[in-house]
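Geometric and topological summary
Spelled out, the chains give:
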Amino acid sequence: MLLNSKGKHRRPSKAVRLATLAGVAGAAVAVPLMGATSASAASVETWDAVARCESGGNWSINTGNGYYGGLQFSQSSWAAAGGTQYAPRADLATKGQQIATAEKLLDMQGPGAWACAGAGGLTNDGVDPGVNTGSGQAQPERQAEQPTTRSEQRTAPQAEKKAESKETVTTPTGEKVKKGDGEYEVKPGDTLSSIAEKEDVKGGWSKLFKLNDDIVEDADLIFPGQQLHLK
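Keep in mind the model is a prediction, meaning the values are calculated, not measured.

1. Quick word on the overall build of the protein chain
A tally of helices and strands in the protein chain yields eight helices and eight strands. The 231 residues of the protein chain split such that 47% are buried. Partitioning the contacts of the protein chain with sequence separation of at least 6, the portion at a separation of at least 24 is 65%. Carbon and sulfur atoms form 50% of the exposed surface of the protein chain, whose accessible area is close to 11,400 Å².

Encoded structure:
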């Protein structure tokens, strides 16, 4: 579970070495990493093996547990390793983009950044995966079709935190905001104005803001995963 914007990818007990600055609706900008190690690399086959252990090999997985994509990036590690140049979250990026970002994280933190490094045989083997990062984003799969993996079971929070996760959304900086229970789920890039226009809300964005003032504190700040009432 992502504890804060400076947390490590998968091992919060080790020294914290990442920091990110976050923007609106899932956008984040990575800042330079201090103390990075020498260049590291692993083959596509190795990353596939890690992904099978981490997420069942589902590169578009997002179960709401704070980790995203086939290699289960936390939002802070995704931003710090430069993943936001491809997509706001790892699950919205292509497999090639996720591997390219993982290569940078491997260089910064080593294999210990992944709980499944051992199962996947991940090492700094120096093999350039040669992936095509392209320019587009991957299409996310519906949440109902995403499997529960062993990694998710290992990192599942305690019972009270599980209840909290159902009521909140984690922003790119690690902060938690109210999720709400409306019929519309905020997508990356959404604004109150665009939602009001798309869903034909009478009264426009101001009406939408009033309908959801219990979860939206600033009309300019909404986050993916929040559920808004439209009427």
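Once the structure has been displayed, the description carries forward.
2. Considering the nonpolar core
With 25 residues, the main nonpolar core has Trp-47, Leu-71, Phe-73, Leu-105, Trp-114 and Leu-122 as its most contacted residues. At five residues, helix H3 (residues 95–109) tops the list of elements feeding residues into this core.

3. So, unusual backbone geometry
For Gln-72, which is not a glycine, the phi torsion comes out positive at approximately 55°. With respect to the secondary-structure elements, Gln-72 resides in the loop between strand S3 (67–68) and strand S4 (73–74). Here Asp-200, not a glycine, exhibits a phi torsion of approximately 55°, which is positive. By the secondary structure assignment, Asp-200 is in the loop between helix H7 (192–198) and helix H8 (204–211).

4. Focus on the packing of helix H1 (residues 44–55) against H3
Running from amino to carboxyl end, H1 crosses H3 at an angle of 95°, the nearest separation of the two axes being 11 Å. When the axis of H1 is compared with that of H3, the two are roughly perpendicular. Between H1, through Val-44, Trp-47 and Asp-48, and H3, the contact on the second element is made entirely by Lys-95, Ile-99, Ala-102, Glu-103 and Leu-106. Within the contact of H1 with H3, the residues separate by chemical class into five nonpolar, no polar and three charged.

5. Here we look at the state of the cysteines
All told, the structure shown has one disulfide when counted by the stated rule. Across the disulfide from Cys-53 sits Cys-116; the S-S distance is 2.1 Å. Disulfide Cys-53-Cys-116: torsion about the S-S bond near -60°, hence left-handed. Of this pair, Cys-53 sits in helix H1 while Cys-116 sits in the loop between H3 and helix H4 (117–120), placing them 63 residues apart in sequence. On the basis of relative accessibility, which here comes to 1%, the residue Cys-116 falls in the buried class.

Parameters at a glance
Residues numbered from 1 in each chain as written. Predicted model: local features only at pLDDT ≥ 70, side-chain atom pairs only at ≥ 80, totals over all residues. Heavy atoms only, no water. Helix = DSSP H or I, 4+ residues; strand = E, 2+ residues; numbered from the N terminus. Buried < 20%, exposed > 50% of the residue type's maximum accessible area, 1.4 Å probe, protein only. Contact = heavy atoms within 4.5 Å. Areas by Shrake-Rupley, 256 points an atom, 1.4 Å probe, with all protein chains shown as cover. Core = buried A, V, L, I, M, F, W, Y, C linked by side-chain atoms within 4.5 Å. Axes fitted to C-alpha atoms, helices over the stretch in contact; angles between N-to-C directions. Parallel < 35°, antiparallel > 145°, perpendicular 65-115°, else oblique. Nonpolar A, V, L, I, M, F, W, Y, C, P; charged D, E, K, R; others polar. Disulfide = S-S within 2.5 Å.

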